[in-house]
Amino acid sequence: MLKYILFDFDGTLVNTNDVIIASWQHTYRTYLGHEAPVEHITACFGEPLLLTMEREFPGVPPEESAEVYRNYQKEHADQLVTIFPGVKEMLLDLKEKGYVLGIVTSRTRESALRYMDMFDITSLFDDMVTCDDTTVHKPNPEPLLLGLSKLGASPEESVMIGDSPFDIKCANNAGVRAVMVDWRITCDDTSLIDDAVVDFHVKSPAELVELMEKL
């Protein structure tokens, strides 16, 4: 029986898509003098921020460009960040049914908690792994394996919910079943990350609850 559910954060639980895209465009304007195609930005969703910064702005210290990005995001979060419809109800339902919930995200702990507090979902999670907790990131399995360890879970008892190939391949590498949410805006081609394999798709948060009851 599956008892442990680990969620990606951005694009899965909380709709940070608009603020992320706007923050990237601000950073591109700052360093390159122009914006980038939205498809180029969304293809990087799920990748560790400093890694993307280093690739996109060679010659600029990644921490410097990341600070420009993060400051813009903080200034505009209240206007641009929302929780996906039905997500809070889904989390409450899963907790009521006895599931143990965790988060595995490439976001910093401080920023994840800020958004979780904003939508009053912090108390619904039993633990969390962020980029502050590990030096390697998805699709490497270490963040997810650390999340399992924190929850006292085994891969066989667990499922990973995400919106990007990075999430799916991370689950594959950790021996955890992988669920892709269909409200994502990330690239559909999971083969971009070494043949990432999706075990299940869900079209809505309510459908995830139904899926969990069947597994």
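Remember, it's a predicted structure, so these values are computed and weren't measured experimentally.

Caption draft 1: Layout of the overall build of the protein chain. Along the protein chain, the regular secondary structure elements total nine helices and eight strands. Taken over C-alpha atoms, the radius of gyration comes to 17 Å for the protein chain, in line with the 17 Å a tight globule of 215 residues would show. Each principal axis of the C-alpha atoms in the protein chain carries an extent, and together these give about 50 × 35 × 30 Å. Considering only contacts within the protein chain whose residues lie at least 6 apart along the sequence, 65% involve residues at least 24 apart. Looking at the protein chain as shown, the accessible area adds up to about 9500 Å², and 51% of this sits on carbon and sulfur atoms. Of the charged side chains in the protein chain, 18 are positive and 37 negative, and the gap between their average positions amounts to 3 Å.

Caption draft 2: Layout of the sheet that holds strand β5 (residues 127-129). Sheet architecture is open: six strands sit in the order β5-β4-β1-β6-β7-β8, paired in parallel fashion. Strand pairing shows two members of the sheet lacking a second neighbour, β5 and β8 (200-202), which therefore form its edges. Between one strand axis and the next, the sheet turns by 25 degrees as a mean value, whatever way the strands run. Inspection of the sheet shows strand β1 (residues 4-7) paired to strand β4 (residues 100-104) by four bridges, in the parallel sense. Bridge pairing in β4 links Phe 7 to Ile 103. Against the sheet, helix α7 (residues 142-151) contacts β1, β4, β5 and β6 (158-162), and its axis sits at roughly 160 degrees relative to β5.

Caption draft 3: Representation of the confidence of the model for the protein chain within the structure. With 95% of its residues at a pLDDT of 70 or more, the protein chain has an overall mean of 92. Overall, residues 187-192 carries pLDDT values under 50, and its contacts beyond four positions in sequence, including any with other chains, amount to nine contacts.

Caption draft 4: Layout of the environment of Arg 109. Residue placement: Arg 109 occurs in helix α6 (residues 109-118). We classify Arg 109 as partly exposed; its relative accessible area is 26%. C-alpha of Arg 109 to C-alpha of Arg 70: the two residues are 39 residues apart in sequence and 13 Å apart in space. Discounting chain neighbours no more than four positions away, the residues touching Arg 109 are Met 128, Thr 130, Asp 132, Asp 133 and Lys 150.

Caption draft 5: Structural detail: the pairing of β4. Most of β4 is tucked away: five of the five residues are buried. Across the two faces of β4 the burial is the same, with Val 100, Gly 102 and Val 104 and Leu 101 and Ile 103 all buried. Two elements, β4 and β5, share three bridges in a ladder whose sense is parallel. By the bridge assignment for β5, Val 104 is matched with Val 129. In this view, the connection linking β4 to its parallel neighbour β5 by way of α6 has right-handed handedness.

Caption draft 6: Representation of the nonpolar core in the model. In this structure, Phe 7, Leu 13, Leu 91 and Phe 125 are the most contacted members of the largest nonpolar core, which totals 48 residues. Examining the composition of this core, we find that five residues originate from one element, helix α1 (residues 17-32), more than from any other. Sequence-distant contacts of Phe 125, that is, excluding residues within four places in its chain, are made with Phe 7, Leu 13, Leu 91, Leu 101, Gly 102, Ile 103 and Met 116. Core analysis: the next-biggest nonpolar cluster, separate from the first, contains 17 residues, Met 160, Ile 168, Ala 178 and Met 180 among them.

Caption draft 7: Quick peek at the side chain of Ser 65. Examined against the element boundaries, Ser 65 turns out to sit in helix α4 (residues 62-80). Non-local contacts of Ser 65, meaning those with residues more than four positions away in its chain, are made with Thr 27, Tyr 31, Met 53, Phe 57 and Val 60.

Caption draft 8: Just the pairing of β6, in detail. Of all five residues making up β6, five are buried, and the element is well covered by its neighbours. Every second residue of β6 is oriented toward a common face, with Ser 158, Met 160 and Gly 162 on one face and Val 159 and Ile 161 on the other, all of them buried. Of the pairings in the sheet, the one linking β1 to β6 comprises four bridges and is parallel in character. Paired with Ile 5 across the bridge in β6 is Val 159. For the handedness criterion, the β-α-β arrangement of β6, helix α8 (residues 165-174) and strand β7 (residues 177-181) is classed as right-handed.

Parameters and conventions
Residues numbered from 1 in each chain as written. Predicted model: local features only at pLDDT ≥ 70, side-chain atom pairs only at ≥ 80, totals over all residues. Heavy atoms only, no water. Helix = DSSP H or I, 4+ residues; strand = E, 2+ residues; numbered from the N terminus. Rg over C-alpha atoms; globule rule 2.2 N^0.38 Å. Contact = heavy atoms within 4.5 Å. Areas by Shrake-Rupley, 256 points an atom, 1.4 Å probe, with all protein chains shown as cover. Lys, Arg positive; Asp, Glu negative; His and termini not counted. Charge placed at Lys NZ, Arg CZ, Asp CG, Glu CD. Pairing = 2+ DSSP bridges. Axes fitted to C-alpha atoms, helices over the stretch in contact; angles between N-to-C directions. pLDDT = per-residue confidence, 0-100. Buried < 20%, exposed > 50% of the residue type's maximum accessible area, 1.4 Å probe, protein only. Right-handed = clockwise from strand over helix to strand, strands pointing away. Core = buried A, V, L, I, M, F, W, Y, C linked by side-chain atoms within 4.5 Å.

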